[in-house]
Every structure is written in structure tokens, then in C-alpha cells.
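This is what each chain is made of:
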Amino acid sequence: MLIVTTDTIPGYEVRYVRGAVSGAGIAHGGLSAARREAIERLKADAERYGCNAVLGMRFANCAIGDGSFEVYAYGTAVLVEQAGAGASRDHQVAQTTPPPVSPPPSTPAGGMPMVGRNLTVQVPGR
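Below or above, wherever it landed, is the structure these notes cover. (Residues numbered from 1 in each chain as written. Predicted model: local features only at pLDDT ≥ 70, side-chain atom pairs only at ≥ 80, totals over all residues. Heavy atoms only, no water.)

1. So, the sheet that holds strand 2 (residues 12-28)
Strand pairing in a sheet relies on backbone hydrogen bonds. The paired strands run either parallel or antiparallel.
Then, number 1: Pairing is mixed in the open sheet, where four strands are placed in the order 1-3-4-2. Here the strands that pair on one side only, and so sit at the sheet edges, are strand 1 (2-3) and strand 2.
Then, number 2: Bridging between strand 2 and strand 4 (residues 68-82) involves 15 bridges; their strand directions are antiparallel. Pairing of V17 across the sheet is with V78, part of strand 4.
Then, number 3: Packing of helix 1 (residues 31-48) onto the sheet brings it into contact with strand 1, strand 2, strand 3 (53-65) and strand 4, and relative to strand 2 it is tilted by some 140 degrees. (Pairing = 2+ DSSP bridges. Helix = DSSP H or I, 4+ residues; strand = E, 2+ residues; numbered from the N terminus. Contact = heavy atoms within 4.5 Å. Axes fitted to C-alpha atoms, helices over the stretch in contact; angles between N-to-C directions.)

2. Quick look at the environment of V71
Then, number 1: Note on placement: V71 falls in strand 4.
Then, number 2: The exposure class assigned to V71 is buried, which follows from its relative accessible area of 0%.
Then, number 3: A sequence separation of 12 residues divides V71 from F59, and the C-alpha atoms of the two residues are 6.7 Å apart.
Then, number 4: Every residue in contact with V71, bar those within four places of it in the chain, is listed here: G23, A24, G25, L31, A34, R35, A38, F59, A60 and N61. (Buried < 20%, exposed > 50% of the residue type's maximum accessible area, 1.4 Å probe, protein only.)

3. Focus on the pairing of strand 3
Then, number 1: Two elements, strand 1 and strand 3, share two bridges in a ladder whose sense is parallel. Across the sheet, residue L2 finds its bridge partner in strand 3, namely A53.
Then, number 2: Pairing of strand 3 with strand 4 involves 10 bridges; the strand directions are antiparallel. Bridging across to strand 4, A53 finds its partner in V78.
Then, number 3: What sits between the antiparallel neighbours strand 3 and strand 4 is a turn of two residues, in which D66 has the positive phi angle 60 degrees.

4. Section: the pattern of salt bridges
Then, number 1: Across all of its chains, the model carries four salt bridges by this definition.
Then, number 2: Where E81 meets R15, a salt bridge forms, and the shortest distance between an N and an O atom there is 3.1 Å. Residue E81 is located in strand 4, and its partner R15 is located in strand 2; the two are separated by 66 residues in the primary sequence.
Then, number 3: The exposure class assigned to R15 is buried, which follows from its relative accessible area of 9%.
Then, number 4: Linking E37 and R41 is a salt bridge whose minimum nitrogen-to-oxygen distance equals 2.9 Å. Here the residue E37 and the residue R41 both occupy positions in helix 1, the gap between them amounting to four residues, near one helical turn.
Then, number 5: Take E37: its relative accessible area is 27%, and that puts it in the partly exposed class. (Salt bridge = Lys/Arg side-chain N within 4 Å of Asp/Glu carboxyl O.)

So, in C-alpha cells, the structure goes:
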């Protein structure tokens, strides 16, 4: 799985754009552990859609108290192949049929995955 922060991958051509994917991680005592967890979940989300790369990956993170960190990784899932590899397939320019998709199990009907929703917390005394 290729995961890059850029919008293109040199030497590769995008054959299909699936769309936004994400992953979240929480870790106590270190931001790097939370980032690794978020990337692994991002990767699993992209694989669930039959994609082999994520473009434009970004992080959003925050400290949630007591030395814990929450990290949200997001990007665009795509199907890529090496440049020139498609020329031998009967001059096919791009893949016209999207890869098979099974919806993420954590997505409520008609909504975003729970990790992507806003959360409002009322703090007593404020």
C-alpha cells in the first residue's frame, strides 16, 4: 500500500479514484504510537475499498489529557498502477469499472463513520 502526502505518485498513473478514507488512533504517552495506529486504520479502510494507494494523506491531532493523544489520518483512496503498465491491455486508457466495495461496518446508514463526526462535550461550571 502506497500512502503519500502528495497528490500524485511519480511513475504511477491513477486508474480509479474511490474517495475519502480515514483512520483514528489514540495512544497514551506518545504521539507517534497514535499516528501509527491511525495510519494502519487508514490503510485498512482503503484496502476495504479495493484500492492500493492513498493520496494527500494528512493528520489532525490533539492532546486529550493525561498524556494521551488522538490522531485522525485522512486522504483519498485510489487504484494506481505503474506508468505504461496499462498499454498492453488492449490500449485501455483507464479502468471504467470501479473495484468491488463493501461498506465499512462502522458507517451508520446515511452518515459519516463515527470517527468523522463532531463531538460536543459540556464542561461543568462553564
